[in-house]
Amino acid sequence: MRDPRVLRWEPVCRAVTLLLGPYAEVVLHDPATDRVLEVWNPLTARGPGDPSALGDLDRLDPTDRDVYGPYEKLLADGRRLSSVSAVLRDDDGTPSVVLCVNLDRTPLERAAAVLSAFGAPTTPPPEPLFEADWSQRVDHVIGTHVRSTGRSVDRMTRQDRLAVLRALDEARVFAVRRAAPVVAQALRVSRSTVYGLLTELRAKG
């Protein structure tokens with residue numbers, strides 16, 4: 001016959017394992033005998049009846065209100081776990097079971113490594129390949145300004161646009177025929193605005 005505490009808490013334990021998939025182990029411990037009552041989705045070979053090695057519950061910090069963690073565990077195969085333990089009590093306040101959730105961090109660490117690789121610094125593009133691609137230079141200059149100021153094209157001030165046009169003029173973008181309409185479209189302003197700002201910029205020297 002199954003322990004009534006297992007029957008009582010099994011829906012909760014199953015719900016956690018269903019939510020976190022194959023990466024979470026849920027363990028129900030008996031604090032009175034210091035033995036495992038049940039394991040859902042085991043990450044190790046332990047099972048019901050095995051030692052829990054919980055330690056003395058009376059030494060736990062009462063300000064945590066019976067929930068402890070997340071704290072780190074390390075398995076023998078090198079996997080790192082993030083764990084949370086909860087002391088579940090009877091109506092009279094006596095600890096009935098200890099519920100532990102152990103989350104395997106391996107997929108999270110792999111995902112972080114992939115993201116870090118994509119975010120690694122890149123080298124500048126080979127100049128001979130892109131020196132004739134003035135439209136890409138337009139995007140690069142505007143994009144660099146957006147990233148440095150934190151203001152999108154739609155939120156650019158007059159001074160922002162003057163700074164962008166100065167950089168484009170220094171890069172000789174406007175030496176290309178019909179560059180102004182392309183720049184106007186990228187900045188989301190009219191061609192007359194671009195011509196007017198260019199005139200103002202060049203008049204200042």
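Residues numbered from 1 in each chain as written. Predicted model: local features only at pLDDT ≥ 70, side-chain atom pairs only at ≥ 80, totals over all residues. Heavy atoms only, no water.

- If you check an unreviewed UniProt entry, the protein chain appears there as PAS domain-containing protein from Umezawaea endophytica.

## Some details on the nonpolar core
Then step 1. Within the largest apolar cluster, 21 residues are counted, with the highest numbers of intra-cluster contacts made by L165, L168, F174, V183, L187 and V194.
Then step 2. Counting only elements with at least two residues in this core, the list comes to α4 (134-149), α5 (158-170), α6 (179-187) and α7 (191-203).
Then step 3. Among the elements that make up this core, the one with the highest residue count is α6 (five residues).
Then step 4. Setting aside its immediate chain neighbours within four residues, V194 contacts L165, F174, A180, A184 and V189.
Then step 5. By size, the runner-up hydrophobic cluster in this structure holds twelve residues, among which are W9, L28, L37 and W40. (Core = buried A, V, L, I, M, F, W, Y, C linked by side-chain atoms within 4.5 Å. Buried < 20%, exposed > 50% of the residue type's maximum accessible area, 1.4 Å probe, protein only. Helix = DSSP H or I, 4+ residues; strand = E, 2+ residues; numbered from the N terminus. Contact = heavy atoms within 4.5 Å.)

## What about the packing of α5 against α7?
Then step 1. Interhelical geometry of α5 versus α7 gives an angle of 75° and a closest axis separation of 10 Å. As far as their axial angle goes, α7 and α5 are roughly perpendicular. Judged by residue contacts, R158, R161, L162, L165, R166 and D169 of α5 engage V194, L197, L198, E200, L201 and R202 from α7.
Then step 2. Class assignment of the residues belonging to the contact of α5 with α7 gives a composition of six nonpolar, no polar and six charged. (Axes fitted to C-alpha atoms, helices over the stretch in contact; angles between N-to-C directions. Parallel < 35°, antiparallel > 145°, perpendicular 65-115°, else oblique. Nonpolar A, V, L, I, M, F, W, Y, C, P; charged D, E, K, R; others polar.)

## Comments concerning the sheet that holds strand β1 (residues 24-30)
Then step 1. The sheet built from five strands is open, its strands ordered β2-β1-β5-β4-β3 with antiparallel pairing. Each of the sheet's edge strands pairs with one partner strand only, and the pair in question is β2 (35-40) and β3 (67-74). The sheet shows a mean angle of 25° between the axes of neighbouring strands, taken without regard to direction.
Then step 2. Relative to strand β5 (residues 95-104), strand β4 (residues 80-89) is paired through nine bridges, and the arrangement is antiparallel. Within β5, the position partnered with A86 by the bridge is L99.
Then step 3. Seen against the sheet, helix α1 (residues 4-20) touches β1, β2, β4 and β5 and runs at an angle of roughly 165° to β1. (Pairing = 2+ DSSP bridges.)

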